[in-house]
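The lines below spell out each chain.
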Amino acid sequence: MAIIRTVTGDIPPESLGVCYAHEHVFCRPPVEDADLILDREDVAIEELRGFREAGGQALVEMSPPDYGRDVQALYRISQAAGVYLIAATGHHKEAFSGPWVEGRSVHELADRFVREIVEGIDGTGIRAGVIKAGSSLNRITPNEEKVFRAAAIAHRLTGAPISTHTEAGTMGLEQVALLRSEGVDPARVIIGHVDRRMEWEYHLALARAGVYLSYDQISKEKYAPDRLRVEFIRRLIAEGYGKQILLGGDMARKSYWPSYGTGGGPGLTYILLRFVPWLRSEGVSEEAIQDLLIHNPARALAIG
């Protein structure tokens, strides 16, 4: 029987509800930019309660250990906010993962990923529900390749889905090819940040490869206007790929969260209160919207 593995326990896929595919809620990445450090549980709870009031029920917290993951904090936040959180094992791009990966074999990495999915993270008993792998701008470094191959092994042993970081949307097709070479069904792969590279033929090629496309930079006009995201999503649905699209905001900065009081950024309610109505106004059907928010995440994140 398929399940979705959250930080507070396993749930049936039909219980997941409205889910964002790529977010950061609580993390302490090793960076000098304090805006990237999300380290207040009370603020996370407040922001997630707003998300829940807007109709949200779940999100994937994509911070792996090299990005300052704290699953005990995620457990407390999830319980207090009443929102399902799915934690990530695996690793980010080499800029973060290098010290964790250098000198370690693919099988050493895979063993840790499997342990975090099956047994729990750092002795907590809190288990990861997704495997992260990331690549750099226009290349997959040797260390990143090890992470992808380890992610593939962990996926084959556990059934957990693989969700990726692409730097500025690059290397998505190469990620798919690498994972396929390790026996991973593209239908179990989520390619992240595709909307950092708004090239229609690229998105169409990813869709044809059979992966999920994560439109997870919604509201970030500095990368691309949301009108293009609306257009690409609408076109993919028209081409018959509506069941392969996931949504998210990747709200990884204090300044994106109104709850931090740093300027009233879009926050976790933006997609539900502004972007989804925009899709409706452009003729996207209610059935297709239910796929984007509920049915696609339930399939993409299922284990077993």
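Residues numbered from 1 in each chain as written. Predicted model: local features only at pLDDT ≥ 70, side-chain atom pairs only at ≥ 80, totals over all residues. Heavy atoms only, no water.

Got a minute to help me understand the nonpolar core in this structure?
Across soluble globular proteins, nonpolar side chains show a tendency to be buried alongside one another. By size, the foremost hydrophobic cluster in this structure holds 87 residues, and its most contacted members are Val 25, Leu 48, Leu 85, Tyr 215, Leu 236, Leu 247 and Trp 257. A total of 7 residues in this core trace back to one element, the largest contributor, which is helix α5 (residues 142-158). In this structure, Leu 247 is in contact with Cys 19, Tyr 20, Ala 21, Tyr 215, Ile 218, Ile 233, Ile 271, Leu 292 and Leu 293, ignoring residues within four places of it in sequence. Membership of the second largest hydrophobic core comes to 16 residues, among which are Leu 16, Tyr 212, Ala 300 and Leu 301. (Core = buried A, V, L, I, M, F, W, Y, C linked by side-chain atoms within 4.5 Å. Buried < 20%, exposed > 50% of the residue type's maximum accessible area, 1.4 Å probe, protein only. Helix = DSSP H or I, 4+ residues; strand = E, 2+ residues; numbered from the N terminus. Contact = heavy atoms within 4.5 Å.)

Which parts of the structure should I look at to understand the sheet that holds strand β10 (residues 245-247)?
Two modes of strand pairing occur in sheets, parallel and antiparallel, and in both the strands are linked by backbone hydrogen bonds. Reading across the sheet, the 8 strands line up as β3-β4-β5-β6-β7-β8-β9-β10 and stay open at both edges, with parallel pairing between neighbours. The open sheet has two free edges, formed respectively by β3 (19-23) and β10, since each of these has just one partner strand. With strand direction ignored, the average angle separating the axes of adjacent strands in the sheet is 30°. By the bridge criterion, 2 bridges tie strand β8 (residues 189-191) to strand β9 (residues 212-215) in an arrangement that is parallel. Counted as the bridge partner of Ile 190 is Tyr 212 from β9. (Pairing = 2+ DSSP bridges. Axes fitted to C-alpha atoms, helices over the stretch in contact; angles between N-to-C directions.)

How should I be thinking about the pairing of strand β6 (residues 130-134) in this particular structure?
Look at any regular strand and the pattern is simple: side chains alternate between the two faces of the sheet. Judged by how many residues are buried, β6 sits mostly within the fold: 5 of 5 residues are covered. Residue alternation in β6 divides its side chains into two sets, Val 130, Lys 132 and Gly 134 and Ile 131 and Ala 133, and both sets are buried. Sheet topology note: the strand β5 (residues 84-90)/β6 ladder contains 3 bridges and is parallel. The residue bridging Gly 90 from the neighbouring strand is Lys 132, located in β6. Two strands pair when backbone bridges link them, and β6 and strand β7 (residues 162-165) are joined in this way by 4 bridges, in the parallel orientation. Paired with Lys 132 across the strands is Ser 163, a residue of β7. A crossover links β6 with its parallel partner β7, the connecting element being α5, and its sense is right-handed. (Right-handed = clockwise from strand over helix to strand, strands pointing away.)

What's the story with the pattern of salt bridges in this structure? I'm lost.
Side chains that carry opposite charge are capable of pairing whenever their charged atoms lie near each other. Scanning the entire structure with this criterion turns up 19 salt bridges. Between Asp 35 and Arg 253 there is a salt bridge; the shortest N-O distance is 3.3 Å. Remark: Arg 253 occurs in the loop between β10 and α9 (270-281) and Asp 35 occurs in the loop between β3 and α1 (41-53); sequence separation between them is 218 residues. The exposure class of Asp 35 is buried, given its relative accessible area of 19%. Judged by relative accessible area, Arg 253 falls into the partly exposed class, the value being 23%. Across the pair Arg 40 and Asp 42 runs a salt bridge, and its minimum N-O distance is 2.7 Å. For Asp 42, a relative accessible area of 44% gives the class partly exposed. (Salt bridge = Lys/Arg side-chain N within 4 Å of Asp/Glu carboxyl O.)

Help me understand the pairing of strand β4 (residues 58-61) in this model?
Along β4, one buried face is formed by Ala 58 and Val 60 and the opposite face, lined by Leu 59 and Glu 61, is buried too. Of the strand pairs in this sheet, β3 and β4 are connected by 3 bridges, and their pairing is parallel. In the strand pairing of β4, Tyr 20 is matched with Leu 59. On the question of chirality, the crossover connecting β3 to the parallel β4 by way of α1 is right-handed. Bridge analysis of β4 against β5 gives 4 bridges, and the strand direction is parallel. Paired with Glu 61 across the two strands is Ala 87, which belongs to β5. Note that the unit made of β4, helix α2 (residues 71-81) and β5 has a crossover that is right-handed.

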